[in-house]
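# Coordinate inspection notes
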Amino acid sequence: MTEEKRKLMDENGIRTDGRRWDELRPLKMEVGVVRNADGSALIEWGKNKIIAAVYGPKEMHPKHLELADRAFLKCRYHMAPFSVDERKNPAPSRREIEISKVIREALQPALFLEDYPRTAIQVYVEVLQSDGGSRVAGITASALALADAGINMRDLVVGCAVGKVDGKIVLDLNDTEDKEGSGDLPYAFMPNLNQVTLLQMDGLFTLDEFKQALDLAKVGGMKVYKLQREALLKRYFSGGGPETSTSTTEMMEEA
Amino acid sequence: MVEITRKQVIPGDVIVTGDYRPGMFVQRRGNDMVALRIGLAEIIRNDVKVIPLSGAYIPRTEDMVVGKVVNVTGYGWEADINSCFVGYLPGQFVFGRDFSPSTHDLTTRFTVGDLLLAKIEAFDRTRDPQLSIRGPGLGKIPQGEIVKITPMKVPRLIGRKGYMINMIAELTSCEIKVGQNGVIVVDGTPEGVQKAVRAIQLIEQEAHMADLTTKVQQLLGAPIGAPPTEAAGPENSGEQ
């Protein structure tokens, strides 16, 4: 680009939102927020506000798409029209379709889909307010929702992004850095298995920068995992908990 | 007395390392025993298993389930058993070996909307579970109030050797049919049913809490007595 770019990091190494290169944005997670879903989670990561809801395993519709030996995993990443500054058309965009696919592929390795043959598992990721790194936030929330839904899992999945701004590798890009920075590297992995399930790259990284970015993503991811764990344990083992503690007791409608 | 160790786990957690046998919802990874669900891990001698705290009902053979007939086909009935699989009750199991779709009218026995207490006769995940109503107490449920709870909490509702459910039934003078699929039918006087439903809902809400029996006894206004050998319940795992 020819135009003069805004500086994204000052001489003291402080970023646009006051963080240092290796700091995460404020991160909060809560499990069991959607009553009607089998499993759900809310994540607030920087300015991101994302709800993930899991339905299933349930009967596959349309029937002809069911798989004889495993469950069909359906993922939908969707941004609410009010999630961005300029109203977003609610119809799925090219970008959302791509993100739905990468979320599906990031979650799939963690699931025992073969334990639920001929069924469907649906994961809905609704972005209520969007900031940088919404796909990794979506993956982190979806993993919580899947665990909440009681689907057999090898491990949780944690997402975390790294990027390059003003020639430096930094952790967890915000929206400005994502748009004006020179590179973005979303990363998702299974922390206990130490296996990568999502690795995308946008922009140019030298091999050294890439290696440095990957290491930083792992370190950041482990911090996210710690909070993810806490959120899940809080929901199930804190003896009641806040307003979301009442669960699925209800009468069958025809009773 | 066998030593039981309990631990709160989430998917991916290593429960214990060493020479153990992986049971339900546990996978061996090298020497590690890894949990696949959120729940309480239990180590009894060499066996490691996880008692899950959430999840849908997956049928198992010999389970008792409460199902609702949703479709009558030429050869049998299809029942909603609160699962991702539809239960199938073949005509032969009701009319006997000489069943023929042309001579027997299936709707004379059960029609759409009827409630059934049935047993899972066979299930291997490749086909829908087969139901049977042969056995004492099995068959059509004529009346009662339906309560649904998380299927994973049914063992808690039943209690050690049926202690909890028998206690509720006795104190409320209700007949309670519990399906492993989390569907429960309560029948009795209106006051009794109301009390029993409240007790069941209490168990649903506080399944992971200590002193559940006492709380239920309090709710039902019964003299508080210690349950027999409740020591092995999840109460003792020291949560909160």
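Residue numbers here run from 1 along each chain, matching the order of that chain's written sequence. Here chains are named by letter from A upward and ligands by number from 1 upward, in the order in which they appear as written. Per-residue local features of the predicted model are confined to residues with pLDDT of at least 70, and side-chain atom pairs are confined, for both listing and counting, to 80 or more; whole-chain, interface and lining totals are unaffected and use all residues. No hydrogens and no water enter the side-chain calculation; it runs on all heavy atoms of the structure.

### Comments concerning the overall build of chain B
Helix and strand definitions here come from DSSP, where helices need a minimum of 4 consecutive H or I residues and strands a minimum of 2 consecutive E residues; each element is numbered from the N-terminal end. Of regular secondary structure, chain B possesses 5 helices and 16 strands. Projecting the C-alpha coordinates of chain B onto the three principal axes gives extents of approximately 60 × 50 × 25 Å. With a 1.4 Å probe rolled over the protein chains alone, any residue whose accessible area is under 20% of its type maximum counts as buried; one over 50% counts as exposed, and the rest are partly exposed. Taken over 240 residues, chain B has a buried fraction of 50%. In what follows, residue pairs with any heavy atoms lying within 4.5 Å of each other are defined as contacts. Residue pairs in contact within chain B that sit at least 24 positions apart in sequence constitute 58% of those at least 6 positions apart.

### Things to note about the overall build of chain A
Along the backbone of chain A there are 4 helices and 10 strands. Listed N to C, the secondary structure of chain A is β-β-β-β-α-β-α-β-β-α-β-β-β-α in terms of helices and strands. With the radius of gyration taken over C-alpha atoms, the globule rule is written as 2.2 Å times the number of residues to the power 0.38. Rg of the C-alpha trace for chain A: 19 Å, near the compact-globule value of 18 Å for 255 residues, within the 12% margin. For the C-alpha atoms alone, the extent of chain A along its principal axes is close to 65 × 40 × 40 Å. Buried positions account for 50% of the 255 residues belonging to chain A. To measure how exposed things are, a 1.4 Å probe is used in the Shrake-Rupley method; for residues, cover is taken only from the protein chains shown. By element, 51% of the accessible surface of chain A is carried by carbon and sulfur atoms, the whole surface being about 11900 Å².

### Structural notes on the nonpolar core
Only buried residues count toward a nonpolar core. Its members are Ala, Val, Leu, Ile, Met, Phe, Trp, Tyr and Cys residues joined through side-chain atoms within 4.5 Å. In terms of nonpolar packing, the biggest core is built from 98 residues, with Leu107, Ile121, Leu146 and Leu232 of chain A together with Leu89 of chain B touching the most fellow members. Those residues in contact with Leu107 of chain A, other than ones at most four positions away along the chain, are Leu73, Cys75, Val123, Ile139, Ser142, Ala143, Leu146 and Val157 of chain A. Ranked by size, the runner-up nonpolar core spans 24 residues in total, among them Val147, Ala169, Ala199 and Leu220 of chain B.

### Considering the interface of chain B and chain A
One frequent convention defines the size of an interface as the accessible area lost when the parts assemble. Each side of the interface is counted separately: chain B has 42 residues, and chain A has 38 residues. Across the chain B/chain A interface, buried area totals approximately 3400 Å², and carbon plus sulfur atoms make up 59% of it. By definition, a salt bridge exists where a carboxyl oxygen of Asp or Glu is found within 4 Å of a side-chain nitrogen of Lys or Arg. Inspection of the region where chain B meets chain A yields 2 salt bridges. Every element with two or more residues in the side of chain B that touches chain A is listed here: strand S1 (4–9), strand S4 (26–29), strand S5 (32–35), strand S6 (39–44), strand S14 (145–148) and helix H4 (190–205) of chain B. A total of 4 residues in the side of chain B that touches chain A trace back to one element, the largest contributor, which is H4 of chain B. Take the accessible area each of two parts loses on contact, using a 1.4 Å probe, and add the two losses: that sum is the buried area.

### Considering the sheet that holds strand S15 (residues 175–178) of chain B
To summarise the sheet geometry, strands pair through backbone hydrogen bonds and adopt either a parallel or an antiparallel arrangement. Residues and elements named next belong to chain B. A strand pair is defined by DSSP finding two or more bridges across the two strands. If you trace the 3 strands from one edge of the open sheet to the other, you get S14-S16-S15, paired in antiparallel fashion. Strand pairing shows two members of the sheet lacking a second neighbour, S14 and S15, which therefore form its edges. Across the sheet, the mean angle separating the axes of adjacent strands is 20° when strand polarity is ignored. As paired strands, S15 and strand S16 (residues 183–187) are joined by 4 bridges and run antiparallel to one another. Within S16, the position partnered with Val178 by the bridge is Ile184. Interaxial angle, 0 to 180 degrees, is taken between N-to-C directions of lines fitted to C-alpha atoms, where a helix line uses only the stretch in contact. Of the strands in this sheet, S14, S15 and S16 are in contact with H4, which crosses S16 at around 155°.

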